[in-house]
Protein chains: 2
Amino acid sequence: MTARFESPDGRVHASYWLETGDDPQRAAEVIAGEQSSGTFTAVPGETPELKARAGARVEQLEVIDHSDRPSLPGGMVSARYTRCRLTLSWPLDNLGPSLPNLVSTVAGNLFELRQVSGLRLLDLRLPAAFAAAAPGPAFGIAGTRRLAGVATGPLIGTIVKPSVGLSPAQTADTVRLLVAGGIDFVKDDELQADGPHCPFDQRARAVMQVVNEAAERSGRKAMVAFNITGDLDEMRQRHDLVLALGGTCVMVNLNSIGIAGLLALRKHAQLPIHAHRAGWGYLSRSPALGWDYAPWQLLWRLAGADHLHVNGLANKFSEPDESVIAAARAVLAPAFDDHPMAAMPVFSSGQTGLQAAPTHAAVGGCDLIHAAGGGILGHPGGVKAGVAAMRQAWDAAQSGVPLAEHARQHAELQAALGFW
Amino acid sequence: MTARFESPDGRVHASYWLETGDDPQRAAEVIAGEQSSGTFTAVPGETPELKARAGARVEQLEVIDHSDRPSLPGGMVSARYTRCRLTLSWPLDNLGPSLPNLVSTVAGNLFELRQVSGLRLLDLRLPAAFAAAAPGPAFGIAGTRRLAGVATGPLIGTIVKPSVGLSPAQTADTVRLLVAGGIDFVKDDELQADGPHCPFDQRARAVMQVVNEAAERSGRKAMVAFNITGDLDEMRQRHDLVLALGGTCVMVNLNSIGIAGLLALRKHAQLPIHAHRAGWGYLSRSPALGWDYAPWQLLWRLAGADHLHVNGLANKFSEPDESVIAAARAVLAPAFDDHPMAAMPVFSSGQTGLQAAPTHAAVGGCDLIHAAGGGILGHPGGVKAGVAAMRQAWDAAQSGVPLAEHARQHAELQAALGFW
């Protein structure tokens, strides 16, 4: 695959869906000015030479359609609002290959402009200098497979439920059932970090005892993503504890810690970082505002995320399948020619083996974590049969055999089809 | 003033504007479940006892009105969408007084639920445990006044323009004019951090030489907020350089670094932290989604922000005045009875002395930074006259004297009225 996010010319490129009540070309120039050397009025020091060197440039402006009302309030009043695809570019000299300053540049004040009645960041293309400056995922797909002991096929995973409310010992009991059933991957809920009722350290110790005992018996250690979300010192301490206990993964909620937090954790970490996107809805749920997943996940991959949540096909949330597929493909797409920095997409939410074949077809492979809750725990034969049925569904997907046909030779899958 | 953000009962409270195609009570329960012990289906371990202890609680649900179409796509289809004010509460035992985990709890997956066709976080009330655990602003209003040498009245400020494109020497030349004119406060643009064309260290050295020389002459040192936005190590190094050079303020873009980043910087910093909200538009511009400013600024104040941007009255962006006023009042409102943790609101964007009286009336005082660009630089008498005119406008506001009347005795103000 060719690099999906590499700039063609050494400048930073960002593409937007823009809706404006102004003349689109003028609106594009205002946005470019606000995000570089300009301001609302002419400034003495903004010479033509300075503007040519430091100003953002309108690279592309294509009108898509029009509307007679604005998508978002507060913008300039107009009889007609034009929707376009706008691409801006910036010289790297303005910001350097700095992820936090990239965010200020491509997703700063511009959303508040009066010329804007809709603005959504669709795409980013970055100079290779970012590949050199950003750490990227330390483990990625290969490192995750190695630590989880899963050479081929997806990692079959699940989430500890109830998400909140179990004690450390109860959490460990739940994990015992799961690892005894042969699961590859278990994660904490995004809400379960270090509440007084289930302190992190106690939970990690209790869970890793179970995981280590099971690994001694089976020869393969399930990967448990411990939610270490907290301030930086807490995240480092919790990471160190997980590492000392023989754990193989830590998890953080990206929107809760921010990019400087992830960069600092990445610098310290010796384990894969499982990245949850809790809060993604407030960044994306309005089609006229915010972020597409492709540019958003790129930032976090560059900052060091090894696994990135992408929801799941036929999920229980509001996201349509085509959006889920685009998100997963973005996570797997090479960022730069010389530094692919791919992460592992994590599919979850209402998942069963029924989604194996369409998920396989959508991403073109098995480099993913497929997390199912009820899809495994609800199996009449228990967890072991539930995990087996998920694997059988993926075997069928990889072989291109219909589930019902594959189920004839596989009892666990056959039983699963009754409740999936 | 009574505390604006203190919980009445030791639980975490969050209020939302909710739009749902479902029965509102059912939607509220689904949201409460998703954000605590529940999931899409009943789970064996979710006992009534666990649910009573760990479940989020619907505290209030008031129907506001109805709509025949959803504000946001992707939710359940319905003939009628109900808008309500919903208040949920959580036991502190679920999360502890942790700001990052608070964000996951009150602003996590819930925005993506199918039951939601609109969701906006309006308000937060936190147990006093957060006051004990969170650092809060180290300097706040009093510390900022002391360092800036401004005992009463607003800090009159400005932003270096052009925002991007000046060299370190050119930046220092601009600052020289400003401090010679008697300005109290100067800030870097949010886009100007450490680009190769204007490296941070060179800029800080050049600017502080100018500032220190002027302070030796005048006996008062202008406060310059240096934009140190970057990864954590960079922010710490840049902070240390500013401190070593005799500087009195550092600045960060909150959405570019995140809460764990600000908490770590706050732990290290010995200077006030000037907090820019670049990107606020993507969090707030859709009325049916995202964040109100009151809960958002609370998180950053608790994490250590000393100054918080609130836009300005009659600003050049899309935000209406009532929203600006509510934001500024929230920044000044005491968070907890025993720990007010107030920050200093920063007014900017198209500001002149014309906004002095309405701003004064709106916030009920002068504990603020009033940043004007053209409103100062455009004065026919130069920067010094521009700064004087701004101060005269504020004197008039505090005395309740109309500008035109006050201008009769104040030549700089008189001249300014011609171009404001």
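Residues numbered from 1 in each chain as written. Chains lettered and ligands numbered in written order. Predicted model: local features only at pLDDT ≥ 70, side-chain atom pairs only at ≥ 80, totals over all residues. Heavy atoms only, no water.

Operational definition: UniProt positions are given in the numbering used here, feature names are shortened, and annotations may be inferred rather than shown by experiment.
The name that an unreviewed UniProt entry assigns to chain A is Ribulose-bisphosphate carboxylase large chain, with the source organism given as Pseudorhodoferax soli. Database annotation for chain A, UniProt heading Cofactor (unreviewed entry): "Mg(2+)".

A word on the overall build of chain A
What counts is decided by this rule: Think of it this way: any DSSP run of H or I at least four residues long counts as a helix, any run of E at least two long counts as a strand, and we number them from the N terminus. Just to be clear, the radius of gyration here is over C-alpha atoms, and the globule rule we use is 2.2 Å times residues to the power 0.38. Should any heavy atoms of two residues lie within 4.5 Å, those residues are counted as being in contact. Surface exposure here means Shrake-Rupley accessible area, sampled with a 1.4 Å probe, where a residue is shielded only by the protein chains that are shown. In this charge count, Lys and Arg are treated as positive and Asp and Glu as negative; neither His nor the chain ends contribute. By convention, the point assigned to a charge is CZ for Arg, NZ for Lys, CD for Glu and CG for Asp.
Across its full length, chain A carries 18 helices and 13 strands. Whereas a compact globule of 420 residues would reach a radius of gyration of roughly 22 Å, chain A reaches 23 Å, a difference of no more than 12%. Considered along the principal axes of its C-alpha atoms, chain A spans approximately 75 × 45 × 40 Å. Long-range pairs, those at least 24 residues apart, make up 74% of the contacts in chain A between residues at least 6 apart in sequence. Total accessible area on chain A is roughly 14,100 Å²; 51% of this is exposed by carbon and sulfur atoms. A distance of 3 Å separates the average location of the 35 positive side-chain charges in chain A from that of its 40 negative side-chain charges.

Some words on the packing of helix α12 (residues 293–303) of chain B against helix α13 (residues 321–332) of chain B
Residue and element names in this part refer to chain B. Rule in force here: Lines are fitted to the C-alpha atoms to define the axes, a helix being fitted only along its stretch in contact, and any angle between axes, read from their N-to-C directions, falls within 0 to 180 degrees. In this scheme the handedness of a crossing depends on how the near helix is turned from the far one: anticlockwise by less than a right angle means left-handed, clockwise means right-handed. Residues were grouped as follows: Ala, Val, Leu, Ile, Met, Phe, Trp, Tyr, Cys and Pro as nonpolar; Asp, Glu, Lys and Arg as charged; and all remaining residues, including Gly, as polar.
Running from amino to carboxyl end, α12 crosses α13 at an angle of 35°, the nearest separation of the two axes being 9 Å. Where α12 crosses over α13, the two elements pack in a sense that is right-handed. Counting all contacts with α12, which are made through Y293, A294, Q297 and R301, the residues of α13 involved are A327, A330, V331 and L332. For the contact of α12 with α13, the per-class residue count stands at six nonpolar, one polar and one charged.

So, the interface of chain B and chain A
Short version of the rule: As a working definition, buried area equals the accessible area (1.4 Å probe) given up by two parts on being put together, with both sides summed. In the sections that follow, a salt bridge refers to a side-chain nitrogen of Lys or Arg positioned within 4 Å of a carboxyl oxygen of Asp or Glu. Any pair of nitrogen or oxygen atoms within 3.5 Å is treated as a polar contact; in protein, a donor-acceptor pairing is required on top of that, and neighbouring residues in sequence qualify only through side-chain atoms on both sides.
With 89 residues of chain B in contact, the opposing surface of chain A contributes 89 residues. Buried area between chain B and chain A, both sides added, is near 7,000 Å², and the carbon and sulfur share of it is 56%. There are four salt bridges connecting chain B and chain A. Salt-bridge contacts for A:R277 lead to B:E112; the nearest nitrogen and oxygen are separated by 3.4 Å. The tally of links between chain B and chain A comes to 42 residue pairs in polar contact (both at pLDDT 80 or more). Elements supplying a minimum of two residues to the side of chain B that touches chain A: α2 (48–54), α3 (99–106), α8 (232–244), α9 (254–257), α10 (259–268), α11 (280–284) and β10 (289–291) of chain B. Among the elements that take part in the side of chain B that touches chain A, α10(B) stands out by supplying six residues, more than any other. A breakdown of the residues in the side of chain B that touches chain A according to their chemical character gives 35 nonpolar, 37 polar and 17 charged.

Quick look at the relation of the copies chain B and chain A
This is how the line gets drawn: We superpose the copies by least squares over the C-alpha atoms of residues that have a pLDDT of at least 70 in both of them.
Once chain B is rotated about the relating axis by 180° and shifted along it by 0.0 Å, it coincides with chain A to within an RMSD of 0.0 Å. Those values place the two copies in the arrangement expected of a two-fold rotation axis. Relative to the rotation axis, the closest C-alpha in chain B is found at B:G258, a distance of 1.8 Å. Looking at the interface residues of chain B, 100% of them are also at the interface in chain A, so both copies use one shared face.

Section: the pairing of strand β8 (residues 249–253) of chain B
All names here are of chain B. Stated formally: The buried label applies to any residue whose accessible area, calculated with a 1.4 Å probe on protein chains only, is under 20% of its type's maximum; exposed applies above 50%, and partly exposed to all values in between. Pairing between strands requires that DSSP locate at least two bridges from one strand to the other. Here the term right-handed applies to a crossover when the path leading from its first strand over the helix to its second strand runs clockwise, the strands being oriented away from the viewer.
The element β8 is extensively covered by neighbouring structure, given that five of its five residues are classed as buried. With burial as the criterion, each face of β8 is covered, one bearing C249, M251 and N253 and the other bearing V250 and V252. Strand direction decides the pairing type here: strand β7 (residues 223–227) and β8, joined by three bridges, are parallel. By the bridge assignment, F226 is partnered in β8 with V250. Handedness of the β7-α8-β8 crossover: right-handed.

A few points about the pattern of salt bridges
Scanning the entire structure with this criterion turns up 40 salt bridges over all chains. Its salt-bridge partner being B:D22, residue B:R26 comes within 2.6 Å of it at the nearest N-O pair. Each member of the salt-bridge network shares a partner with another, and the members are A:R4, A:D123 and A:R125.

With respect to the sheet that holds strand β3 (residues 81–90) of chain B
Consider a sheet: its strands pair through backbone hydrogen bonds, and that pairing is either parallel or antiparallel. Residues and elements named next belong to chain B. Taken together, the five strands give an open sheet; going across it, the order is β2-β3-β1-β4-β10, and neighbouring strands pair in mixed fashion. Looking along the sheet, the strands with just one partner apiece sit at the ends: β2 (57–67) and β10. For this sheet the average axis-to-axis angle between neighbouring strands, irrespective of direction, equals 15°. By the bridge criterion, nine bridges tie β2 to β3 in an arrangement that is antiparallel. Directly across from E62, in β3, lies its bridge partner R85. On top of the sheet, α3 reaches β1 (12–20), β3 and β4 (118–125); it is set at about 30° to β1, its chief contact. Docked against the sheet, α12 engages β4 and β10, running at close to 50° with respect to β4.

Regarding the domain arrangement of chain A
Residue and element names in this part refer to chain A. Here is the rule: The source of the domain bounds is an automatic or database domain assignment.
Examined at the domain level, chain A breaks down into domain 1 (11–133) and domain 2 (140–419). Using C-alpha coordinates to define each centre, domain 1 is positioned 36 Å away from domain 2. Between domain 1 and domain 2, the contact holds 21 residues from the first and 19 residues from the second. Taken over both partners, the interface formed by domain 1 and domain 2 buries close to 1,700 Å², and the fraction arising from carbon and sulfur atoms is 72%. For domain 1, the biggest contributors to the area lost against domain 2 are L99, R120 and A131; these three give 37% of the whole. At the boundary of domain 1 with domain 2, the tally comes to one salt bridge. When contributions to the side of domain 1 that touches domain 2 are tallied by element, the ones reaching two or more residues are α3 (99–106), β4 (118–125) and α4 (129–133).

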